[in-house]
Every structure is written in structure tokens, then in C-alpha cells.
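Here is what each chain is made of, one letter per residue.
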Amino acid sequence: MQTRCKLTVFFESPFWVGIFERIEDEQLTVSKITFGSEPKDNEIYDFIIHRFHTLRFSSPVDVKEKKKVINPKRRIRLVKKQMKDAGVGTKSQMALKKQFEENKLQHRREKKKLTHIKKQHQFELKKLKKKQKHKGH
């Protein structure tokens, strides 16, 4: 089992945002963190060491990886190109969108449950008042 993790930090007006991509057994999971002001290297390192375990990653998305040997010079050029690019991969965007939708559905379920409990409580109070009023006569 091989796990790879990648962090991309970019400016998404008005905040600096970090996207953690974790690939594990050909499954991609993504987590988004908002830094606020531009994070320094030591702040990112500190975050990874102390708070990485608190990140909530999205549901896994299938990823097919090509296993191909790359010339070391080409690899260096690719790394420089990735460092220059300030974007998030489309698979990462899909995983984030999926996580957002799941959170939205969960929030709706909880809200519906709370509304039902509140209505039930109001109904019980109404019944109790009716009973009290009836006893008075």
C-alpha cells in the first residue's frame, strides 16, 4: 500500500487556500483548508505536523495512475512547472465538490430533524395548554 500526499497553496480572493490531495490505493481524497493571510513555509510545516490529523478528507474518487519512469531532468522541469502553476486539478475539484454536497445533505438532514423536534415540542405545549384551559372550567 502506497500513500502519496500533495499540498497546493494558492490565492483565492480574499484568502490563501491550501488543497491537500491524498492518493491511497488508487483512491483520491481531498481536503481544503483556508489559511487567511499568506502562509510562510514554517507555518505550513507546523500545520502539517500538528494539525494534519484533524483534516476532514472527502469521499474517495477512483484515480488511474500511470507508472512510467521519467528522466530526472524532465522530472525537475515538471516540478518547476507545477510550482509555477497555481491551480487545482479537476479530479481534486470534483472530490471537493462531492465533499461539499455531502456536507450540505448532512446539514439538511440535521436541520429537518431539529425542525421536526421543535414542531413536536410546540404541539405538546399546545396540547398541555388546551388541557389546562379545559381543567379550569
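Please refer to the structure placed before this passage.
Residues numbered from 1 in each chain as written. Predicted model: local features only at pLDDT ≥ 70, side-chain atom pairs only at ≥ 80, totals over all residues. Heavy atoms only, no water.

Participant: Explain the overall build of the protein to me, please; I cannot follow it from the model alone.
Facilitator: Tallying secondary structure elements over the protein gives three helices and four strands in all. When the helices and strands of the protein are placed in sequence order, the string is β-β-β-α-β-α-α. In terms of C-alpha radius of gyration, the protein reaches 24 Å, well past the compact-globule figure of 14 Å for 137 residues. Each of the three principal axes of the protein carries a C-alpha extent, and together these read 95 × 35 × 25 Å. Within the protein, buried positions represent 20% of all 137 residues. Taking all contacts inside the protein whose residues are at least 6 apart in sequence as the whole, residues at least 24 apart take part in 52%. (Helix = DSSP H or I, 4+ residues; strand = E, 2+ residues; numbered from the N terminus. Rg over C-alpha atoms; globule rule 2.2 N^0.38 Å. Buried < 20%, exposed > 50% of the residue type's maximum accessible area, 1.4 Å probe, protein only. Contact = heavy atoms within 4.5 Å.)

Participant: Explanation requested: the nonpolar core in the structure shown.
Facilitator: For soluble globular proteins, the rule of thumb is that nonpolar side chains tend to be buried together. Core analysis: the biggest nonpolar cluster contains ten residues, these being Phe10, Val17, Ile19, Ile23, Leu28, Val30, Val61, Val63, Ala95 and Leu96. Those elements that place two or more of their residues in this core are strand S2 (15-24), strand S3 (27-36) and helix H3 (90-136). Of all the elements, S2 adds the most residues to this core, at three residues. Core analysis: the second largest hydrophobic core is formed by five residues, Phe20, Ile33, Phe47 and Leu55 among them. (Core = buried A, V, L, I, M, F, W, Y, C linked by side-chain atoms within 4.5 Å.)

Participant: So what exactly am I meant to see when it comes to unusual backbone geometry here?
Facilitator: Backbone torsion omega between Ser13 and Pro14 reads 5°, so that peptide bond is classified as cis. Among the secondary structure elements, Pro14 is positioned in the loop between strand S1 (3-12) and S2. Positive phi is not limited to glycine here, since Asp25 has a value of about 55°. Of note, Asp25 is situated in the loop between S2 and S3. The class for Asp25 is partly exposed, based on a relative accessible area of 48%. We note that Glu26 has phi near 60°; this positive angle belongs to a residue other than glycine.

Participant: What is the right way to read the pattern of salt bridges from this model?
Facilitator: Pairing between side chains of opposite charge can happen when their charged atoms approach one another. This structure, assessed with the given rule, holds three salt bridges. Ionic pairing is found between Arg22 and Glu24, a salt bridge with its closest N-O pair at 3.9 Å. When its relative accessible area of 23% is taken as the criterion, Arg22 is described as partly exposed. Take Glu24: its relative accessible area is 26%, and that puts it in the partly exposed class. (Salt bridge = Lys/Arg side-chain N within 4 Å of Asp/Glu carboxyl O.)

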